Every structure is written in C-alpha cells, then in structure tokens.
Amino acid sequence: MKPLKKRTLFLVLFLLLIACAFTATVLYARAGGAGGYSDSGGGSGGGEGIGYLIYILIRIIIELPFPLNIIVAGIIIAGFLIFSHITKKKVQQQTILNQLPTGDATKKAGGYDSFLKNNPDFNETSFKENVKSAFMWIQKAWEAQDISDVRKFISDGVYQRFNTQFKMMQLLKQKNTINNLEVKNLYIDRVESDGLFDIIHVAIHASIEDRFISELDARLNQGGKEEFVEYWSFLKKRGKPRKDIYQTDNCPNCGAPLPEHMGEVSKCEMCGTLTNSGEYDWVLSEITQANDYIGTHKKLQKSSELNEKIRNIINEDQDFSVQLLEDKASNGYLQIITSIALKEPAIMRRFVNDEVFQKISGLIGEDQVAYNRIYLNDVTLLGVSETEDTHILAISVRSSFQRIILKDGAVTIVDPAVISKTEVLLMSRDKNATASKGSLYTHNCPNCGAPAENSLDINCQYCGMPLNSTSSEWIITGLMSIAEYNDYVSDNASQFSYKVNPDLLDKLYDVRDFAFNNVMVVMAADGNFSEEEEEFMRELAQKWGYDINRIQPFFQMALNGQLVIRMPEDLKKQQKIFKMMEKAAAADSSISPEEQDLLDRMRMQYHL
Ligand SMILES: [Zn+2]
Ligand SMILES: [Zn+2]
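Residues numbered from 1 in each chain as written. Chains lettered and ligands numbered in written order. Predicted model: local features only at pLDDT ≥ 70, side-chain atom pairs only at ≥ 80, totals over all residues. Heavy atoms only, no water.

A.B. asks: What should I look at first to understand helix 15 (residues 552-559) in this one?
C.D. replies: Since one α-helical turn is 3.6 residues long, residues separated by three or four positions face the same way. Taken together, the buried positions of helix 15 are Phe554, Phe555, Met557 and Ala558. All buried residues of helix 15 project into a common sector of 170° when viewed along the axis, lining one side. Lining the buried residues of helix 15 we find strand 4 (283-289), helix 7 (290-293), helix 13 (511-523) and helix 14 (531-543). (Buried < 20%, exposed > 50% of the residue type's maximum accessible area, 1.4 Å probe, protein only. Helix = DSSP H or I, 4+ residues; strand = E, 2+ residues; numbered from the N terminus. Arc of directions from axis to C-beta. Contact = heavy atoms within 4.5 Å.)

In structure tokens form, the structure reads like this:
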C-alpha cells in the first residue's frame, strides 16, 4: 500500500511539473513572439496559459487528499510566480534596442567559417583596409556632393541613394560639412551567401562632426558631434580571384584608364565592362543604420536556398541574386521620388508601366514637394508570383524622409519630423526573357544597349522598341502600400510560389520600442535636448527595461535628427504606441510647443 502511494505521488508531481513547464512556455512564446509590451499593464498575453493553470490547480485540490493537495498546489503556484518573473525580465531584456551594437567586435561573425571555406584566398586585413579607405573617400565625396571618385566600387542602387540626396540638397541649397572623422573600430559582423555571390556585412564604429546647413531656411539646419555604428554591405562573386578596383583607377578587365566622371553607369569605355558587377572586387551594395540592421528578421535575410529557389522559379541567368534585384528596386524607387520632387515625370517613364505612370504622375501637384533627407532604410524581397506570361517580384522599400513644399524660394514644412514609410514595388518580366543588353535603370536600352535619355517617349531612339517592355528587363508594374499589397496577395494567392508575411518587417520591434523611439524624436523635435529631457528619457528607459549603456547611441541620433518616427502597419499597435507616447509626454513637464505640435501632427497623420 505505502510504496504504491509514494509512486503515485511522484507520478502526479512529475506530470504537474511538465504541465507547469508547458504553461510557462506558452506564456513565454506569447509575450515574446506576440510583441506584447510587458510594462504598461501588458493586458494581453497569457490568458490561455493562466486558464490552463487554474484548471490544473482545481483538479489537484479536488483529486489529491488533504494536505497533499495544498502542498502540491502551493509548490506549483510558487514555481509559476518565479518562472513568470524570470520570463518577464528576460523578455524585457530581450528588447531589440538592448541589442544595439556598442562598436566592439562580435565574438564570431555569422557565416564566416563557411565563407572562408569557399574563399581560401580571402585576405581579411586588406579587405578591411579597403573598407576603411572606402568609408573615408565616401564621406569626402558626400561632403563635396560629387560621387565620381568612388563610383567604380559602389552599386547602382547605392549610387542612386547619393544622387537623389544630392539633387534634394541642391534644391534646398544645403551643404553638409564634415569634421574630425575618425574610425574607431571596423569588423566583419556577418557573411551571407546569395546565389553565386557572397555578401559581407561590415560594422563600422566611427565618430564625426557634421552639420547640415541650408541657405534657404535655417529650420532645416541640423547636426553636431556623434558617435555611431553603421553596417556596410559588400558583394562579390564567389571564388573569383580579386582584381583590385580600390587602389587603382584602371579598368580591372583591360587595364585602360577608367573615365573620370562616371555617372549612372560604372563602365569602362574601352572594353565595356562594368566595374561594379561583383566580378572583380568587393562592391558596396548597401549602407544600413544600426537600428535598422538589428531589426532585420532572420527569415528576411538572404540565403543560398532562397536564392536557388527563386532562381528555379524564374529560370534566371547565372548572375541572378536577390541583392542585385533589390538594388534595382532601390534604384527605380529613388528615381520615382526624384521624378516627383523635380516634377519631371520623364525621369521615371522608361521603367514603369502605364498604370504606375498614371498613378505617380497624379501625385505631382501644383506645389513642388521636395525632400529634406530621403534615404532607404531597408529593401527586401517579399514574394515571387507569376501569371501565364510573366514573373512578378514583390519588393518592400522602407524609406525615411521629411517632405517640404518649395514655393518662390520659401519653405513650408509638411512632415513635422523625419518619418518613415513602407511601400511595395511589383517588378515584372516575361518568362523566358531575352538577355538584357543594358540596364534600363542606368539609362540603357535593354534591347539594343543604346543610351536611353529621360523622355516621355517610351520608344528607344535607336531600335524603336518600347523601353518599358517586360521582354528583357524588370519593369515596375505596381507601387502600393502594405495594406494594398496584403489585399493583392489574398486576391492572387494561387499565383505566389514564395512569400513572406510583411509583418516580419516590423516584427522585432515591439510596441514599447516604437514608443520609446518616437518619444525620443518628440523630445528632440525643438532641436534641443535639455538636461531635464535627457534625465527624463533616462528614467523612461529604466522604467521600460532598457540598458542605458546600450541605448546611448540613441540619444545622439535623436539630437542630430537621425532618429525617425517609426510606426508599424498594425492599427491597434499604432494606437497603443501613441497612448504610451502621450503618457510619457504628459509626465514630462517641459514639453515645448514644437514637441506638442509634433504629437498633434502625428495624431492627425496616423488618424489616432
Ligand atoms: Zn576595360
Ligand atoms: Zn534600343
């Protein structure tokens, strides 16, 4: 009798322990995964788990004899409380902002070992030296608003990022001066494999003093001292021997001197080779801010499997890579923005279809809408689909900008701060497309390779073919919001062979992170971050579970106008974020009129 009872007791205890662990796991997954914020009430999360726990407790109290039932129930409740406390703390610490880089090298760069296996000759020291030189040269080019010196090793998309910024800066009579530039550290953070290409993400920890000065309007002036970490991504074809394009101005293919002023195309005039194809040397293909970089979801990172899958679907040529397509999308998107700002629809005509052309032309109004700051934070392939004749790629583009209206040399500010927005581009190309003879995005006719100027006439002046034909080039056939894209996907679900949920784009930021980011932008809105405000933000950071040392860069970014208002697509989350922002702002007695104005405008902008 006795041994049996003991055994039963152990069995019951064992099962309960499993049940308890299970309950806790359910709670944990919801709290972390659902992105519920844990501080201000955290009302959501855990309903199911708690129900289950109560059920178990009732069963124990009814079915076990006294006093065993009370003892077991007590142990479970205590265990649950301890576990949920630890979990809550862990979830709090896990917040993405606590993962902001400090500038110290990561212990082990992801993917580096397998990269070295494929590239035994890789010389890390000389690679890093080139990255450092590239970094210094590009800052110089940026200051001079002339990118020709570095054109040979940057991708077309990166070129367009600079080019668009320069055009806007010219409109606003803006200069950006740079002083005391210093690289403090530089290390390889991650290596990705993308089709036949490798991509190395390099973290650069630097300090700088830069000032944006506009002759038109002093309200657009910004800048100061800052220390930051940025990620520069370089791409090169795997296994190809390196042919230097950094330390020489000669063509890596034929040795002829490269043209002094290369614009949209980085091409040798002698042999026609493109120096930035990744065939010869590492090509700068993306620059990402730390707060965007850490927010990239694993599922959205490039992988050779994804690339292989897509390559099979669209039966592309050997050189296909997701990164290069995203680069093309960036290029097109920025030219569309330029087209709107300069009120010149001819700039985008050649690479968009009629429907997109109508839609975007409709946005060009009487007023000249220019952009004070326009940059792409993140460009990501979201889906691959097909119709009977064409392949269609969906690519999301998140940009940050502040729009202003220019009229008779006077500036009216449209957006209260730099805000961000995500749109989706659809790019289509025929199945079994013929090989392109030049990129339309860099002003070459894909059919005959002749130069294609900005023009409303869509036929090539040499061969007469319509330039925006999907027969050999990816043409922009759709431009939509995330909500419109979600509708599009559900209407055409059967056509998709690959798709990721656009929610993943924001997934790693939870409600609290958005709110904290945005409160910080509000506090800095009057261009001054007083001691009280700084103290206030520190307290808020502590209260919301942020590691003060980790988020130090945030303070400087806010001060220099580099933090942007961020909002997820989800309306309910937007409301929660705004509530948290208002609560935080109300707790600070020193809200300035500018700051209040920003809050009010946000409420209007997001219909909150
Ligand atoms: Zn050449
Ligand atoms: Zn042509």
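Next, the rest of the story.
A.B. asks: In this structure, what is going on with the environment of Asp292? I would like to understand it.
C.D. replies: Mapped onto the secondary structure, Asp292 falls in helix 7. What makes Asp292 buried here is its relative accessible area of 7%. Counting along the chain gives 85 residues from Asp292 to Asn377, while the straight-line C-alpha distance between them is 6.6 Å. Residues contacting Asp292, with those up to four places away along its chain left out, are Asn377, Arg398 and Arg566.

A.B. asks: Please clarify how empty space enclosed by the protein should be interpreted in this entry.
C.D. replies: In this approach the atoms are scanned with a rolling probe the size of a water molecule, which exposes any empty space left behind. Under the definition given, this model contains 8 cavities of 30 Å³ or more. Together, 29 residues line the largest cavity, and Trp142, Gln165, Glu230, Gln289 and Gln562 are the ones closest to its centre. Listed by contribution, the elements that provide at least two residues to the lining of the largest cavity are helix 5 (124-144), helix 6 (156-171), strand 1 (174-194), strand 2 (197-214), strand 3 (222-237), strand 4 and strand 5 (368-386). With 6 residues, strand 3 is the single largest residue contributor to the lining of the largest cavity. Across the lining of the largest cavity, the residue classes tally to 13 nonpolar, 10 polar and 6 charged. (1 Å grid on protein atoms, 1.4 Å probe; cavity = no way out; pocket = protein on both sides within 12 Å on 5 of 7 lines; lining within 4 Å. Points joined across faces, edges and corners; volume = space filled by probe spheres on them. Nonpolar A, V, L, I, M, F, W, Y, C, P; charged D, E, K, R; others polar.)

A.B. asks: What's the story with unusual backbone geometry in this structure? I'm lost.
C.D. replies: The phi angle of most residues is negative, glycine excepted, and most peptide bonds adopt the trans form. Between Phe66 and Pro67 the backbone carries a cis peptide bond, its omega angle lying at 0°. Considering the arrangement of structural elements, one finds Pro67 in the loop between helix 2 (47-63) and helix 3 (68-93). Its identity is not glycine, yet Asn180 carries a phi of approximately 50°, on the positive side. Structurally, the position occupied by Asn180 is in strand 1. Although it is not a glycine, His443 adopts a positive phi angle of roughly 70°. With respect to the element layout, His443 can be found in the loop between strand 8 (419-430) and strand 9 (475-481).

A.B. asks: What is the right way to read the coordination of the zinc ion (ligand 1) from this model?
C.D. replies: Metal coordination angles in their ideal form are 109.5 degrees for the four-donor tetrahedron and 90 or 180 degrees for the six-donor octahedron. Donor atoms from the polypeptide that coordinate the zinc ion (ligand 1) comprise Cys251 (SG), Cys254 (SG), Cys268 (SG) and Cys271 (SG), at 2.2 to 2.4 Å from the metal. Taken together, the 4 donor atoms coordinating the zinc ion (ligand 1) and their angles of 106 to 114° define a geometry best described as tetrahedral. Read in sequence order, the donor residues coordinating the zinc ion (ligand 1) give the pattern C-x2-C-x13-C-x2-C. (Donors = N, O, S within 2.8 Å, 3.2 Å for Na, K, Ca; no water. Tetrahedral: all angles 85-135°; square planar, octahedral: opposite > 155°, others 65-115°.)

A.B. asks: Sorry if this is basic, but what is going on with the pairing of strand 1 here?
C.D. replies: Bridge count between strand 1 and strand 2: 17 bridges; the pairing is antiparallel. Counterpart to Arg190 in the pairing with strand 2 is His201. (Pairing = 2+ DSSP bridges.)

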